[in-house]
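Next come the chains, spelled out residue by residue.
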Amino acid sequence: MGLFDDDFYSTRVSTRAAKKKAFKARRGGQERWRHRNRSVSPVQAAVISGAVSAVVAVLLFSFITGLPSTTAVTGASHYPMRQAAGDPYDRIVQAAAKVRPAVVSIVNLKGEDGHSTEPSALGSGVIFRITSGKAFIMTNNHVIEGSDDLEIVTVDGVKKEAKLIGKDRISDIAVLAVDDKGISTIADIGDSSKLRLGETVIAIGNPLGLGDTLTSGIVSYTNRIIPISINQDGVYDWEQHVIQTDAAINEGNSGGALVDLDGRVIGINTMKIADTGVEGLGFAIPANEVMKTVNELVEDGKITRPYLGVYTVDLNNEYAPLDETQRKELKLPDTVKDGAVVLEAHGPAEEAGLKLNDVITAFDSEPINSTLDLRRYLYDNKKIGDELKVIFYRAGKEESVTLKLTDKPEG
């Protein structure tokens, strides 16, 4: 007996009985259809055929394009599908045309003895403000890091010398300024909090030096959290909230615009996961977070955050684990499994008496399990001038100290 014989599907009805029953059903159905057909005129048949063809055409369009039909349809889940406005491909063309003049290529020139002759890094930027004879451009900090000279290239091919206004390594955002001669377009900034999963987006930038390049995709995830190592030492220093997209993002796209179909910038492209077998994993910093940073950089030239003054290593660091001898020196109780070990103390921490091998385990009764926890608590919950209670272990004994947070000194 074959796997797909009738008896496999109908164990209670024999094959012969099932076929006989099916034959009678088909014959009865044909008789009824022929009987009904006698009352259908050629005109009625044409009308019915036309209506069916129209419905099939609409359904095929929706299936192929992935968009709802022009008529709102309620599916089996009872959620109404949103009405699409116009040709989706034409919307991409219009959105790109709106934003392109506001997206520039950035060339980071590094040279010996201050002479910058060859481009050593390429990136992208977005013009977001024009005022007092200057055009302000936002980009990624890693695009301009270590620069001797910076220049931008507009969509028309005009080169302009750029000046660094401010940068922030933690948010990976920087702001440049150029003279506004010949520049008249600024980007329309959207509300990234209103992004929807699956929404079509466009990435515009300067990948591999191929300026004014456009790719498209969808929003794969609206609020992904990616741990990052700021100094690339294998230890995560911060967590970046990003938009995940499958729009092609390559080297040089960093700092460019992620745009919705209304031509509004909803993110700044910042990174991709490049590994064997990995495709379609690009990330952009949400526009709402970006604008908070760039506005402060324009006003103050820097991002002000509370400063504790400790350089620490995780008690449980998988990349540089403490050996048995080092753990014995800390004299920690067996109950203490996590924390941040102080290697250096400066500023408020030094003044409060924190020193080498102190193991910080809590701030204001909030557990601190790592350097990432330490930095997150400070930046999310404290501001300059606030008091902070630090709970730590020294030579096996739990101690605490209260200190006042300050601004990080220059240099």
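This is a predicted model, so every value here is computed, not measured. (Residues numbered from 1 in each chain as written. Predicted model: local features only at pLDDT ≥ 70, side-chain atom pairs only at ≥ 80, totals over all residues. Heavy atoms only, no water.)

Draft legend 1. Representation of the overall build of the protein in the model. Scanning the protein from terminus to terminus reveals nine helices and 21 strands. Intrachain contacts of the protein at a sequence separation of at least 6 include 60% that bridge at least 24 residues. A total accessible area of about 24,100 Å² is found for the protein, and carbon and sulfur atoms account for 52% of it. (Helix = DSSP H or I, 4+ residues; strand = E, 2+ residues; numbered from the N terminus. Contact = heavy atoms within 4.5 Å. Areas by Shrake-Rupley, 256 points an atom, 1.4 Å probe, with all protein chains shown as cover.)

Draft legend 2. A look at helix α6 (residues 287-300). An ideal rise of 1.5 Å per residue puts 20 Å on 14 residues; α6 measures up with 20 Å between its terminal C-alpha atoms. Within the sequence span of α6, burial applies to A287, V290, M291, T293, V294, L297 and V298. Seen along its axis, α6 keeps its buried residues to an arc of 170°; they face one direction. The outward face of α6, more than 90 degrees from its buried face, is lined by the exposed residues K292, E299 and D300. Backbone geometry just downstream of α6 places G301 in the positive-phi region, at approximately 80°. (Expected span 1.5 Å × (residues − 1). Buried < 20%, exposed > 50% of the residue type's maximum accessible area, 1.4 Å probe, protein only. Arc of directions from axis to C-beta.)

Draft legend 3. Inspection of the nonpolar core at higher detail. Core analysis: the biggest nonpolar cluster contains 41 residues, and I106, F128, M138, I152, L176, V265 and V294 have the highest contact counts within it. A345, A349, L354 and I368 belong to the second-largest nonpolar core, a separate cluster that totals 18 residues. (Core = buried A, V, L, I, M, F, W, Y, C linked by side-chain atoms within 4.5 Å.)

Draft legend 4. Geometry of a nonpolar patch on the surface. Taken together, the side chains of Y311, L343 and L356 make up a nonpolar region of the molecular surface, amounting to roughly 300 Å² of accessible area. Structurally, Y311 is set in strand β15 (residues 310-314). Residue classification places Y311 among the partly exposed positions, given a relative accessible area of 45%. (Patch = residues over 30% accessible without salt bridge, like charges linked within 9 Å, V, L, I, M, F, W, Y side chains within 5 Å. Salt bridge = Lys/Arg side-chain N within 4 Å of Asp/Glu carboxyl O.)

Draft legend 5. The side chain of K382, seen in detail. Within the element layout of this structure, K382 appears in the loop between α9 (371-381) and β19 (387-394). Reaching out from K382, the side chain makes a polar contact with the side chain of D364 at a distance of 3.0 Å. A distance of 2.9 Å separates a polar side-chain atom of K382 from the backbone oxygen of E387. Excluding residues within four positions of it along the chain, K382 makes contact with P306, D364, Y377, E387, L388 and L405. (Polar contact = N/O pair within 3.5 Å; in protein donor to acceptor, adjacent residues only side chain to side chain.)

Draft legend 6. Representation of unusual backbone geometry within the structure. Of note in this structure, K331 is not a glycine but carries a positive phi near 55°. Its location among the elements puts K331 in the loop between α7 (324-330) and β16 (340-345). A residue is classified by how much of its surface remains accessible, and K331, at 54% relative accessible area, is exposed. Even without being a glycine, S365 presents a positive backbone phi close to 75°. Here S365 shows up in the loop between β17 (359-363) and β18 (366-367).

Draft legend 7. Region of the structure containing the pattern of salt bridges. Using the criterion set out here, one finds 15 salt bridges in the structure. Where D188 meets K98, a salt bridge forms, and the shortest distance between an N and an O atom there is 3.2 Å. Remark: K98 occurs in helix α4 (residues 88-99) and D188 occurs in strand β7 (residues 188-189); sequence separation between them is 90 residues. When its relative accessible area of 33% is taken as the criterion, D188 is described as partly exposed. A residue is classified by how much of its surface remains accessible, and K98, at 39% relative accessible area, is partly exposed. Here R264 ties to D262 by a salt bridge, and the two come within 3.0 Å at their closest N and O atoms. Given the relative accessible area of 40%, D262 is considered partly exposed.

Draft legend 8. Here's a closer look at the confidence of the model for the protein. Across the protein, the average pLDDT comes to 80, with 73% of residues at or above 70. This model gives residues 1-40 a pLDDT under 50, and the stretch forms 11 contacts once residues within four places in sequence are excluded. Below pLDDT 50 for its whole length, residues 63-84 participates in 19 contacts with residues either more than four positions away or in separate chains. (pLDDT = per-residue confidence, 0-100.)

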